[in-house]
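The lines below spell out each chain.
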Amino acid sequence: MSAFAGIIRWDGRGPLDPGDSARLISAATATGHLKPTIVSAPPLVAALAERGRSSSRQKPDGPIVSLFDGRVDDRVHLAARLNLSDREPDDKTLVLAAFDRWGTDAPREMLGEFAWAIWDAANACLILARDPSASRSLYYYRDTRLVAFATSVRALLALPDVPRDLDRQALAEFVALHPGMGDRTVYRDIRHVLPGTTAIITAERLRIEANWRPFRRPGPAKPSEWTEGARELLERAICDRARTGPVAVSLSGGLDSSIVAGVAAAVRAPESVLGIALVPGDQDLAVHPGWVPDGRPQLEALARCHGNLRIDPIMPPVHRVDVDPTHLFVATGQPIGLAPNIGWLLGAWQHAQAAGVQMLMTGDEGEMSITHRGSLSALVRQGEPARAALEAWRLARGGRGRLRDHIDMAFFGGTWNLIRGKGPRPGDWRHYSPIHPDFAQEAGVTERLIEEGFPGGFRHRPPGYREAVDIYMRRRAGTVDNIAALRALTGVDHTSPFSDRRVVDFCLSLPERAFVRDGRFRWLAREAFRDVLPAEVRDN
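Notes on the structure in this doc start here. (Residues numbered from 1 in each chain as written. Predicted model: local features only at pLDDT ≥ 70, side-chain atom pairs only at ≥ 80, totals over all residues. Heavy atoms only, no water.)

Re the overall build of the protein
Argument step 1. On a plain count of helices and strands, the protein comes out with 22 helices and 19 strands.
Argument step 2. A burial count over the protein gives 55% of its 540 residues as buried. (Helix = DSSP H or I, 4+ residues; strand = E, 2+ residues; numbered from the N terminus. Buried < 20%, exposed > 50% of the residue type's maximum accessible area, 1.4 Å probe, protein only.)

Structure follows, in structure tokens:
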């Protein structure tokens, strides 16, 4: 784990406030996992912690200072593009060389997971950038006197210049679990740097640019090319993540996490791979029909397929955040949604911490890449109604739902079943949010949801792959906050190979029929990784 925080005072290039560095250090070390150092290049002062990387280059008209939290991937190729003599330089050398070559476009040219801050003294400009994944966080506050930035809200709040006024609109939408809050936080003047964006800040202006956007691009046409491409790219994503140190995989017995564990075991053999599985106790569980309450049979089958995969089943004890969720607020400086989920997941993170693991890989975000379910209605929207009807028939023939339900969903968005009162209804935030109705009305929560395209809080019509990625990108800010809480409490980093930009870009090049095919949803994932998955997982 690593972190950084800094402040630049526009209102004078004289002596820095001597209290700034002390406050930044105090905030960075609050959870006990980080050992920061101070980086000073007036008018910049910053605290950089643990595995964070800083580098600087002195130029005649002023220094360039780089603060980097994360990891650069595809390093050999990037070094060659930058004409570096070292074929695999360290990350701090790569990122500074990338900025020298491409300037503010550098984040667009780099692969990896990162939060990155660059101070360009010659142009009196601060650049803040994040890759498209949800593995790193980055926040900032700016006014006419200063700009402060940090990888946690807590560090910003340590500075007395940063106001703590709440944004009542954002707070209402947070409590309503609004999936599209954008760059706002519950603090009126603190903003996220959103995934896949770059903020360019001077004393006079703020400019936000996208360094990655999901869009459909030409891709392979043959099913064999779909499966081979998906397999190759996920293997590369896992290898890049594993090079930074000991890793483990958080497992559930489901398709997504089992693919990650199976591929990790295959590419790292004969080296041992640790799988950490959160399992329920012996009590009976009431679950939705068709759901699996306990994935241990699937996990045992997966372990039999890979002799170097060691799976530790963990039944997490009641954690202090279950009893008192304010521990999450103390660790991060902001409210965290779905706190009981954090208490459950902490069991895996803490087991990884005890095992000396620096990074926990998960199957999160699979739905936005290889394990996308596929959508019959998306086939219709893409001009393939005959194929949608054929797949509906194949699904029904294989015992995977009723033909009339598939046809209804493909061609009518589930309207017929809704009219008959038999289909699932769109989620309504009022059914699950604790927000007071008067506060919700005052903040216009319903109107905001409609404006953002989420009239009930959830989408009802199954999205196609391109739509699924777009929706996920808009929901990511809350995901980042939860991951930040887990990192702050344990010091263990999180990563999902499915969110690798190479993997997502490849999947965006595929037609919807790559995901629903031969009477199966998630066809691409089941076929591309057939040899690393037991039937108990693959066909579930």
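What follows continues from the structure just given.
Overview of the pairing of strand E12 (residues 206–210)
Argument step 1. Where strand E11 (residues 197–201) lies against E12, five bridges are found, and the strand directions are antiparallel. In the sheet register, Ile201 faces E12, and the bridge partner there is Leu206. (Pairing = 2+ DSSP bridges.)

Focus: the pairing of strand E9 (residues 146–150)
Argument step 1. Of all five residues in E9, five are buried; the element is thus mostly enclosed.
Argument step 2. Residues Leu146, Ala148 and Ala150 point to one face of E9 and Val147 and Phe149 to the other, with burial holding for every one of them.
Argument step 3. Judged from the five bridges that link them, strand E1 (residues 2–9) and E9 form a sheet pairing that is antiparallel. What sits directly across from Ala5, in E9, is Ala150.
Argument step 4. From the end of strand E8 (residues 139–142) to the start of E9, which pair antiparallel, there are three residues.

Focus on the environment of Ala98
Argument step 1. You can see Ala98 is positioned in helix H3 (residues 91–102).
Argument step 2. For Ala98, a relative accessible area of 0% translates into the label buried.
Argument step 3. In this structure the C-alpha to C-alpha distance between Ala98 and Ala79, which are 19 residues apart in sequence, comes to 9.1 Å.
Argument step 4. Excluding residues within four positions of it along the chain, Ala98 makes contact with Leu82, Gly103, Ala106 and Met110. (Contact = heavy atoms within 4.5 Å.)

Brief notes about the packing of aromatic side chains
Argument step 1. One pass over the full model with this rule turns up six aromatic pairs.
Argument step 2. For the ring pair Trp10 and Trp119, a centre distance of 6.1 Å and an interplane angle of 50 degrees mean the geometry is tilted. Of this pair, Trp10 sits in the loop between E1 and helix H1 (18–28) while Trp119 sits in strand E6 (residues 111–120), placing them 109 residues apart in sequence. Taken as a pair, Trp10 and Trp119 share a single burial class, namely buried.
Argument step 3. A ring pair is formed by Trp226 and Trp523, whose centres lie 6.3 Å apart and whose planes are at 90 degrees; its orientation type is edge-to-face. Here Trp523 lies in helix H21 (residues 523–528) and Trp226 lies in helix H7 (residues 223–242), a separation of 297 residues in the sequence.
Argument step 4. Overall, Trp523 belongs to the buried group, its relative accessible area being 8%.
Argument step 5. Through a chain of ring-to-ring contacts, the aromatic side chains of Phe68, Phe114 and Trp116 assemble into a single cluster. (Phe/Tyr/Trp six-rings, centres within 6.5 Å; stacked < 30°, edge-to-face > 60°.)

Some remarks on the sheet that holds strand E17 (residues 493–495)
Argument step 1. Reading across the sheet, the five strands line up as E15-E14-E13-E16-E17 and stay open at both edges, with parallel pairing between neighbours. Since the sheet does not close on itself, it has two edges, and those belong to strand E15 (309–314) and E17, each with one partner. Going from strand to strand, the sheet's axes swing by 30 degrees on average, the running direction of each strand aside.
Argument step 2. Judged from the three bridges that link them, strand E13 (residues 247–251) and strand E16 (residues 359–361) form a sheet pairing that is parallel. (Axes fitted to C-alpha atoms, helices over the stretch in contact; angles between N-to-C directions.)

A few points about the side chain of Asp256
Argument step 1. Its place among the elements puts Asp256 in helix H8 (residues 255–268).
Argument step 2. When residues no more than four places from it in sequence are discounted, the contact partners of Asp256 are Gly363, Gly366, Glu367, Thr371, Phe498 and Arg522.

Let's talk about a nonpolar patch on the surface
Argument step 1. Judged by side-chain polarity, Met315, Trp344 and Leu345 come together as a nonpolar surface patch covering roughly 260 Å² of accessible area.
Argument step 2. Residue position: Met315 is located in the loop between E15 and helix H10 (320–323). (Patch = residues over 30% accessible without salt bridge, like charges linked within 9 Å, V, L, I, M, F, W, Y side chains within 5 Å. Areas by Shrake-Rupley, 256 points an atom, 1.4 Å probe, with all protein chains shown as cover. Salt bridge = Lys/Arg side-chain N within 4 Å of Asp/Glu carboxyl O.)

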